[in-house]
Amino acid sequence: MDDRIILGLTVSLFLSVYVTAAALAVTIGYLIKKGMLGEMIRTAPRGKALVAFALLGAGISLLRGNWAGLLASAGVLSVVLVALYVRSIMTRPLLKRVIRTACAASMLCLPVAVIQLALSGDASFRAPATFENPNYYAAILEFVFLVCVNQLMMPESRRDKLLYGMTLIANLVSLYICNCRSSLMVVMIVTPVLLIIHRRYRWAAVDLMASLAIVLLLKVEPGLFQRMEESGHDFLVRQSIWENALKGFLETPLLGRGPLGYMELAQAQGLTFRVHAHNVALDLLLNYGLLGASLLAAYFSGVGKTLWMLLKTRTDNHLCAMALGLVAAVAIHGMTDVTIFSLQVGLLFVLLIGCTGIYERDWVGQKVYRFRPKSVQTAEADAGMRLRNRKG
């Protein structure tokens, strides 16, 4: 049942934000019915900090009368609970099925984007496919693209490698159609890094040469990627947004304004309407303040510790490369946009970063960790399945 729920969530995020919201609601209902929420929060490494982060945003929104932020907080809390759920039940076969499902679903989004572009009659139209806007679509594509690159470095069957190769091609075409500069930058920077981590130096050199050729081509023919010509103007606009966001943060440095804080700030001060601060660090501080940022950092420091120990013990370099690639994508894209706080992008991120849950931690001697893959039975026990027979 757990596998079906996770795969259902994966499919839902490629359909529409409304389907994703419904799938999240069903998942939370399932967790409540099975009595798994309390067990997950108690046993997940630093899970209490992550839940406190989500509740902080809801509380601040309520106190400030930020009703849009309060609604967004419900989405944040749902994704947070799913993150703990995924981390508690994730196994290697399930992760592979999530990746395959995401690959197939992303390819099916391409014809939708092509039809939207054709119907628009405008060559500069940015197709969003099944997402709220093309930037969210591009963020999803970059995640799937980087995961495919990582999977191709692993010993896989011919059928799987064909799937990953086709997904790479389809997603490159989709990235061009949705015309997102930040995602192009992510792919050009993170892909060679992944190849270097896997010691595929020749492929990394080829990729870097291809990226250099693309940059030179855009210099000669900037019209090939139409929004490149607008980069200078857009940077100045973002610089103004960043300055306003910083001033807004200094007004409420400890607790922030709640989710969608920049939107509230813009309405209160008569600024140009923007949904977010166009920088993930500034948006986090504006929304959740230093306290919220500290809670989020506490949770992800636990994830980082797991990844560090996996690298240190050379337990699973492939998994570490994938997780680090995803984090790098969020950080680079987050320099100019805040796609990670959207429902669909955030959900795909937690589904994939939940790969750290494949390994459980045991204390050995002088605070040295030993890792071993979870069996399906162990994963179910961690998720609270043992509560079924507790009364017996």
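Relevant structure appears above.
What comes next concerns the included structure.

Analysis parameters
- Residues numbered from 1 in each chain as written.
- Predicted model: local features only at pLDDT ≥ 70, side-chain atom pairs only at ≥ 80, totals over all residues.
- Heavy atoms only, no water.
- 1 Å grid on protein atoms, 1.4 Å probe; cavity = no way out; pocket = protein on both sides within 12 Å on 5 of 7 lines; lining within 4 Å.
- Points joined across faces, edges and corners; volume = space filled by probe spheres on them.
- Helix = DSSP H or I, 4+ residues; strand = E, 2+ residues; numbered from the N terminus.
- Nonpolar A, V, L, I, M, F, W, Y, C, P; charged D, E, K, R; others polar.
- Expected span 1.5 Å × (residues − 1).
- Buried < 20%, exposed > 50% of the residue type's maximum accessible area, 1.4 Å probe, protein only.
- Arc of directions from axis to C-beta.

As for the layout of surface pockets
Here is step 1 of the chain: Estimates place the volume of the largest pocket at around 1,300 Å³.
Here is step 2 of the chain: Taken together, 46 residues line the largest pocket, and the ones lying closest to its centre are Val76, Ile340, Phe341, Ser342 and Gly346.
Here is step 3 of the chain: Elements supplying a minimum of two residues to the lining of the largest pocket: α4 (47–64), α5 (67–89), α13 (280–312), α14 (317–333) and α15 (343–353).
Here is step 4 of the chain: Top contributing element to the lining of the largest pocket by residue count: α13, with 12 residues.
Here is step 5 of the chain: Taken together, the residues that form the lining of the largest pocket break down as 34 nonpolar, 9 polar and 3 charged.

Let's talk about helix α2 (residues 17–33)
Here is step 1 of the chain: Compared with the 24 Å implied by 1.5 Å per residue over 17 residues, the 24 Å span of α2 between its first and last C-alpha is a close match.
Here is step 2 of the chain: When α2 is considered as a whole, its buried residues turn out to be Val17, Thr20, Ala23, Leu24, Thr27, Ile28, Tyr30 and Leu31. Buried residues of α2 fall within an arc of 155° about the axis and therefore sit on the same side. Exposed positions of α2 whose direction lies more than 90 degrees from the buried face are Tyr18, Ala25, Val26, Ile32 and Lys33.

Remarks on empty space enclosed by the protein
Here is step 1 of the chain: The tally for this structure, following the rule as stated, stands at 2 cavities of 30 Å³ or more.
Here is step 2 of the chain: By volume, the largest cavity amounts to about 60 Å³.
Here is step 3 of the chain: Around the largest cavity, the lining is made up of 13 residues, and of these Val330, His333, Gly334, Thr339 and Ile340 lie nearest the centre.
Here is step 4 of the chain: The residue makeup of the lining of the largest cavity, split by class, is 8 nonpolar, 3 polar and 2 charged.
Here is step 5 of the chain: Here the second largest cavity defines a volume of roughly 40 Å³.
Here is step 6 of the chain: Every residue lining the second largest cavity is listed: Ile99, Ala102, Cys103, Val144, Val147 and Leu352.

Interpretation note: all reported values are geometric properties and have no functional meaning in isolation.
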